[in-house]
Every structure is written in C-alpha cells, then in structure tokens.
Amino acid sequence: MNEYQEGEEAGPMQRRLRTAMAEEGSGCPVPRLPWASVQRVALPLFILAGVATAVIYCFLCVQRLAQQRQLESPGWDMAELQLNHTGPRQDCRLRWLGGPALGRSFLHGPELDNGQLRVQRSGIYRLHIQVTLANCSSSLWTPTAPRATLMVGICSPAAHSISLLRLNFHEGCVVTSQRLTPLAQGDTLCTNLTLPLLPSPNADETFFGVQWVHP
C-alpha cells in the first residue's frame, strides 16, 4: 500500500514534468518582457532629459548671476557735478568737477575726461542739468546779443554722437531740464553754452548729473 501511495504521488509530478518538457520541445516561445528593448529606448531618453535639465539649470544660474552682478557691481552708477570755473571761456564746452572734497559733488562709476562726463556702464540713465547765467539782467538781452542756448549731447565716440537736450534761455537767466536716455559704456557727455556767456559757478545754481536706472 505504501508503494501504491508513492506511485499515486509521483504520478502528478511526472505528468507536470512531462508537460513542461513537451512545451519546451514544442518550439512555442514563452512570453517574456522585452527588457533589453526597453533599456535601449529608455536609457537615451533618461540621458537626454538629464542633459536638458542641467542645461536649463545652468542657463538660469547664469542669468541670475548676471542680473545680480549688474545690480551689485559696480552698483547704481551716478554722478553729481559742479562747474569747473576757470574764468573767461575760450571754448563753448562747459567743464565739470566732482568729488567729496567739493561738498555735495560725487562720482560713483562714471569718470571725468578733461571735464566731460564719461559713463562706464551701459544702460538707461536719468540725466539732469541746471545752468544759471552769471551777472544776468534784462540789459543782457539786446537785439544784437547772441541767442543763449545750452546743449547736452554725446560727443564721443563719434559713432554715438547725438544731441540729447537743447535748451533756450528765452531772455531768462536759468534753464533746467531732465530726461531718460540710453547710454553705452564709454559714451562721453558734453555740455555747450553759447559764447561769450558765463555760467554762474555757484553749485546751487549750476550743476549737472546722471543716474543709472535700468540695464
């Protein structure tokens, strides 16, 4: 009876073994997941996604760094100048001075080149100027007197030369104005006053300045 039970138990196992062998020998493929194909397709996609993410991240970092440098270094470029009064004028150009030793005058970024203001940073600037004529009275304006005009413009480099402000005194003694204007690094601003008129050297009456406001 033990032999009979062992035969009964071995019977199903033998049948399963024979069935498995028959399937293998039949030539019918057993379905398997195409992992090799998936890997061949997915791996390049993962690499491409990683490279694209890195490029975008680097681009954003560079943009942020550039904006930060523009705002923090060299800072908000500005200048407030007073007249460099040297007596009788031989040139229609006015010459300016700037520095802490002069009181309220200063230069932060821009430089002076032979009394003319030169910007060191490209961007949009707010320009302002006031010029008061010295010894000004109604007797100054006669039919034969020259028409008093103050002009502000880019005089250097020659390729950027352009007039920015043209102010007429209209038989008055003071002109004042301001405007926003784009300036490039290296642009030099010149201020011309009709000869032989003399501007007041008083820093409260005659002054000139610029302030960087936007890239």
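Here goes a summary of the coordinates provided. (Residues numbered from 1 in each chain as written. Predicted model: local features only at pLDDT ≥ 70, side-chain atom pairs only at ≥ 80, totals over all residues. Heavy atoms only, no water.)

**Focus on the environment of leucine 189**
Note the threshold: What counts as a helix is a DSSP run of H or I of at least four residues, what counts as a strand is a run of E of at least two, and both are numbered from the N terminus. The contact rule is simple, with two residues in contact once any of their heavy atoms fall within 4.5 Å.
Looking at the secondary structure, you find leucine 189 in strand 10 (residues 188-193). Separated by 76 residues in sequence, leucine 189 and aspartate 113 place their C-alpha atoms 9.7 Å apart. Here leucine 189 is in contact with Gln116, Leu117, Leu127, Gly153, Ile154, Cys155, Leu164, Leu183, Phe208 and Val210, once residues within four sequence places are set aside.

**What about the state of the cysteines?**
Basically, it comes down to this: In plain terms, two cysteine sulfur atoms within 2.5 Å form what is called a disulfide here. When a residue's accessible area, from a 1.4 Å probe over protein chains only, is under 20% of the maximum for its type it is buried; when over 50% it is exposed; and in between it is partly exposed.
Within the structure shown, the criterion is met by two disulfides. Note on cysteine connectivity: cysteine 136 is disulfide-linked to cysteine 173, with sulfurs 1.9 Å apart. Between cysteine 136 and cysteine 173, the S-S dihedral sits near -80 degrees, and the bridge is therefore left-handed. Highlighted residues: cysteine 136 in the loop between strand 6 (123-132) and strand 7 (149-156) and cysteine 173 in the loop between strand 8 (162-168) and strand 9 (174-183), separated in sequence by 37 residues. A residue is classified by how much of its surface remains accessible, and cysteine 136, at 21% relative accessible area, is partly exposed. Overall, cysteine 173 belongs to the partly exposed group, its relative accessible area being 27%. Look at the protein chain and number its bonded cysteines as they come in the sequence; the links are 1-3, 2-4.

**Concerning the pattern of salt bridges**
Under the convention used in this document: The term salt bridge refers to a side-chain nitrogen of Lys or Arg lying within 4 Å of a carboxyl oxygen of Asp or Glu.
Taken as a whole, this structure holds five salt bridges when the rule is applied. Of the charged contacts in the structure, one is a salt bridge between glutamate 111 and arginine 118, with a shortest N-O distance of 3.1 Å. Look at glutamate 111 and you get partly exposed, because its relative accessible area is 36%. Three or more residues joined by partner-sharing salt bridges are found here, namely Glu111, Asp113 and Arg118.

**Concerning the side chain of serine 200**
Our working rule: By the criterion applied in these results, polar contacts are pairs of N or O atoms within 3.5 Å in which, for protein atoms, one can donate a hydrogen and the other can accept it, and in which residues neighboring in sequence qualify only through two side-chain atoms.
One can find serine 200 in the loop between strand 10 and strand 11 (207-214). Residue classification places serine 200 among the buried residues on the basis of a relative accessible area of 6%. Among the polar contacts made by the side chain of serine 200, one reaches the side chain of glutamate 205 at a distance of 2.5 Å.

**Here's the deal with the nonpolar core**
What counts here: Residues enter a nonpolar core if they are buried and are Ala, Val, Leu, Ile, Met, Phe, Trp, Tyr or Cys, with the set joined through side-chain atoms within 4.5 Å.
By size, the foremost hydrophobic cluster in this structure holds 28 residues, and its most contacted members are Ile129, Leu150, Leu189 and Phe208. For this core, the secondary structure elements donating two or more residues are strand 1 (78-83), strand 6, strand 7, strand 8, strand 9, strand 10 and strand 11. Those residues within four positions of phenylalanine 208 in sequence are excluded, and the remaining contacts are Ala79, Glu80, Leu81, Trp96, Leu117, Leu127, His128, Ile129, Val152, Leu189 and Thr191.

**Some words on the packing of aromatic side chains**
Formally: Here is the rule: rings of Phe, Tyr and Trp (six-membered ring for Trp) pair when centre to centre is within 6.5 Å. Planes less than 30 degrees apart are stacked, more than 60 are edge-to-face, and the remainder are tilted. Throughout this description, the term charge over a ring refers to an Arg CZ or Lys NZ atom that lies within 6 Å of the ring centre and within 35 degrees of the ring normal.
The full count for this structure, using the stated rule, is two aromatic pairs. On the numbers, 5.1 Å between centres and 75 degrees between planes, the contact of tryptophan 76 with tryptophan 212 is edge-to-face. In this pair, tryptophan 76 sits in the loop between helix 2 (35-72) and strand 1 while tryptophan 212 sits in strand 11, placing the two residues 136 residues apart along the sequence. Taking the centre distance of 5.4 Å and the plane angle of 45 degrees together, the rings of tryptophan 96 and phenylalanine 208 count as tilted. Placement of tryptophan 96 in strand 2 (residues 96-97) and of phenylalanine 208 in strand 11 is noted, with a sequence separation of 112 residues between them. The ring of tryptophan 212 is capped by arginine 121, whose NZ or CZ atom sits 3.8 Å from the centre of that ring.

Just distances and angles here, no functional claims.
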